[in-house]
Amino acid sequence: MTQQGVRWSADRVPTPAPDAASRSTGSGFGERAEEERKTEERPGGKRDSGGPADPEAARRRAERREQRVTAGVTELEQRLADLLRGGLASAEQTGHTLWEETAARMVDAQAPGLAAKVRELGAIPASGPDWPTRLLEECALLHLLGQGWLHRDQLPDALAATVRSRLGLPASADGPPLRDRWLVLAQYDTADPKLTTRRIWLHGTGSGHTRLLLSYGAAGRAPELSLRVGHTLEADLTGYPGAGQLRAALGERYAPPTPATVRPNGLTTAQAAARYGDALREDPWLDRVPVILAGVIPVPDERPGSWQLTDADADPKTDPASATALPLTPTCLTRPGLWRLIALSGGTPLTVFGELGHRGFTPLTAWPAHHPGTPVTLH
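Reading the values: the criteria
Residues numbered from 1 in each chain as written. Predicted model: local features only at pLDDT ≥ 70, side-chain atom pairs only at ≥ 80, totals over all residues. Heavy atoms only, no water. Axes fitted to C-alpha atoms, helices over the stretch in contact; angles between N-to-C directions. Helix = DSSP H or I, 4+ residues; strand = E, 2+ residues; numbered from the N terminus. Parallel < 35°, antiparallel > 145°, perpendicular 65-115°, else oblique. Left-handed = near helix turned anticlockwise from the far one by under 90°. Contact = heavy atoms within 4.5 Å. Nonpolar A, V, L, I, M, F, W, Y, C, P; charged D, E, K, R; others polar. Buried < 20%, exposed > 50% of the residue type's maximum accessible area, 1.4 Å probe, protein only. Phe/Tyr/Trp six-rings, centres within 6.5 Å; stacked < 30°, edge-to-face > 60°. Lys NZ or Arg CZ within 6 Å of the ring centre and 35° of its normal. Salt bridge = Lys/Arg side-chain N within 4 Å of Asp/Glu carboxyl O. Pairing = 2+ DSSP bridges. Core = buried A, V, L, I, M, F, W, Y, C linked by side-chain atoms within 4.5 Å.

Draft legend 1. Seen up close, the packing of helix α6 (residues 112-122) against helix α7 (residues 131-150). Here α6 crosses α7 at 165 degrees, and the two axes come no closer than 10 Å. Between α6 and α7, the angle is such that the two are roughly antiparallel. At the point where α6 passes α7, the crossing takes the left-handed sense. For the pair formed by α6 and α7, the contact residues are L114, K117, V118 and L121 on the first element and L135, E138, C139, L142 and L145 on the second. Tallied by class, the residues present in the contact of α6 with α7 amount to seven nonpolar, no polar and two charged.

Draft legend 2. The arrangement of the environment of L142 in detail. Mapped onto the elements, L142 comes out in helix α7. Using a relative accessible area of 4% as the deciding quantity, one classes L142 as buried. Counting along the chain gives 66 residues from L142 to L76, while the straight-line C-alpha distance between them is 9.0 Å. With near-sequence residues (within four places) excluded, L142 lies in contact with L76, E77, L80, L114, K117, V118 and L121.

Draft legend 3. Structural view of the packing of aromatic side chains. In the structure shown here, the tally under the stated rule is two aromatic pairs. Aromatic side chains W201 and F353 sit 6.3 Å apart centroid to centroid with 65 degrees between the ring planes, which places their arrangement in the edge-to-face category. Residue W201 is located in strand β2 (residues 195-204), and its partner F353 is located in strand β10 (residues 350-357); the two are separated by 152 residues in the primary sequence. Plain terms: the ring middles of W307 and W339 are 6.1 Å apart, the flat faces sit at 85 degrees to each other, and that makes the pair edge-to-face. Taken together, the residues span a long stretch of sequence, with W307 in strand β8 (residues 307-311) and W339 in helix α10 (residues 336-345) at a distance of 32 residues. On the accessibility criterion, W307 (15% relative accessible area) is buried. Across the ring face of Y254, the terminal group of R179 is positioned such that the distance to the ring centre comes to 3.5 Å. For R247, the ring lying beneath its charged end belongs to Y240, and the centroid distance is 4.2 Å.

Draft legend 4. Seen up close, the pattern of salt bridges. Per the counting criterion, the structure on display carries 19 salt bridges. Taking the shortest distance from any N to any O, the salt bridge between R59 and E63 comes out at 2.4 Å. Of this pair, R59 and E63 both sit in helix α3 (residues 55-86), four residues apart, which is roughly one turn of that helix. Of the residues examined, E63 reaches a relative accessible area of 38% and is grouped as partly exposed. Between R152 and E66 there is a salt bridge whose closest N-O contact spans 3.4 Å. Here R152 is found in the loop between α7 and α8 (157-167), whereas its partner E66 is found in helix α3, with 86 residues between them in sequence. A residue is classified by how much of its surface remains accessible, and R152, at 25% relative accessible area, is partly exposed. Take E66: its relative accessible area is 26%, and that puts it in the partly exposed class. In the salt-bridge network here, residues are joined through shared partners; they are E56, R59, R60 and E63.

Draft legend 5. Inspection of the side chain of T102 at higher detail. When you line up the elements, T102 lands in helix α5 (residues 97-108). Given the relative accessible area of 4%, T102 is considered buried. With sequence-adjacent residues up to four places away left out, T102 is seen in contact with L76, R79 and V118.

Draft legend 6. Examining the sheet that holds strand β9 (residues 325-327) more closely. Taken together, six strands build an open sheet; the order of strands is β9-β8-β7-β10-β11-β12 and the sheet is antiparallel. Strands with a single pairing partner mark the edges of an open sheet, and in this sheet they are β9 and β12 (376-377). Here seven bridges tie strand β7 (residues 288-300) to β10, and the two strands are oriented antiparallel to one another. Residue P290 lies in a different strand from β10, and its bridge partner there is E355.

Draft legend 7. Seen up close, the nonpolar core. Among the nonpolar cores identified, the biggest contains 27 residues, and L114, L121, L135 and L167 are the most heavily contacted of them. Listing elements by their share of this core, those giving two or more residues are α3, α5, α6, α7 and α8. Counting residues per element, this core draws most heavily on α7, at six residues. Once you skip the residues sitting within four places of it in the chain, L114 turns out to touch V73, L76, M106, L142, L145, R166 and L167. Of all hydrophobic cores here, the second largest spans 24 residues; its members include V296, L350, V352 and L378.

What is shown is where atoms sit, not what they do.
What follows is the structure, given as structure tokens:
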């Protein structure tokens, strides 16, 4: 970090796709893969016939899937090695064809998370200055994921579960439920040709934990689950397995949602960057981490048309280390929410919730100083 703020690359891969957990449904599975997913995720493990679950049959299906995933990972490792052996410049000449073919192979291998990552690789060549460096970085992360799967028996259980999640293998929420009054921080939808994914961020007012609810709808249709931003819900949440994973399943609700009267506590920009680093240590493939910033002001960045969030009480003259900032992502610079954020601040400090990633910070919700419990959505 510097007095001018954290310097982030503004021309990396386009907006990250939903994580593997969110892409494990509707990600282009073949019919057989989709049927197995539905069977595995159906409560009680029952098939459409309604008969009892067969543990031995389920074990055999899981083994067959693991074998297919291993074959797909091995093939991808070979293709990455061929790419590096032939030189990264060849990726610009082949265009999207090679990547789409490889992604289709990963779908056949029932590893939709890998398929999504491979498609992202296809968007990097000739995408801007220094694209070979970015392509090499993403290839390295993909290689790390493949090696994690091939050596999963040597990994700690939590990290092995994270690898499975990133590959797109189905998992169920486990562990004891956590009851709390959950503040709805943000809700927004993303869509692809087959699926609409809704992300709902919740913050435990008692526990201090931040958790993610994912729900799905068919293309063009909104998911059923909807929670109003700024309301609190007393309910149980059960987490999904994996190191650093924040996804949870909504359990029993004890009362209807009610408007919140307080804003959540937040971090400084330096503390937020440190939290992102800690999260990457647990999950190297993490695209973004939820962060609540307190006492920040949007100010213009040195780059034309760019903005950043800086700590309102920073004093670079007396404490140079305090003069840090988080740049806003290029995507949010083109949205109306940016100007809503600027107008809301008017030079006064705000509490802002958003997602922090390798491209910067994307603000999703803000609390103005004069209305402590009234959030303003920015997405």
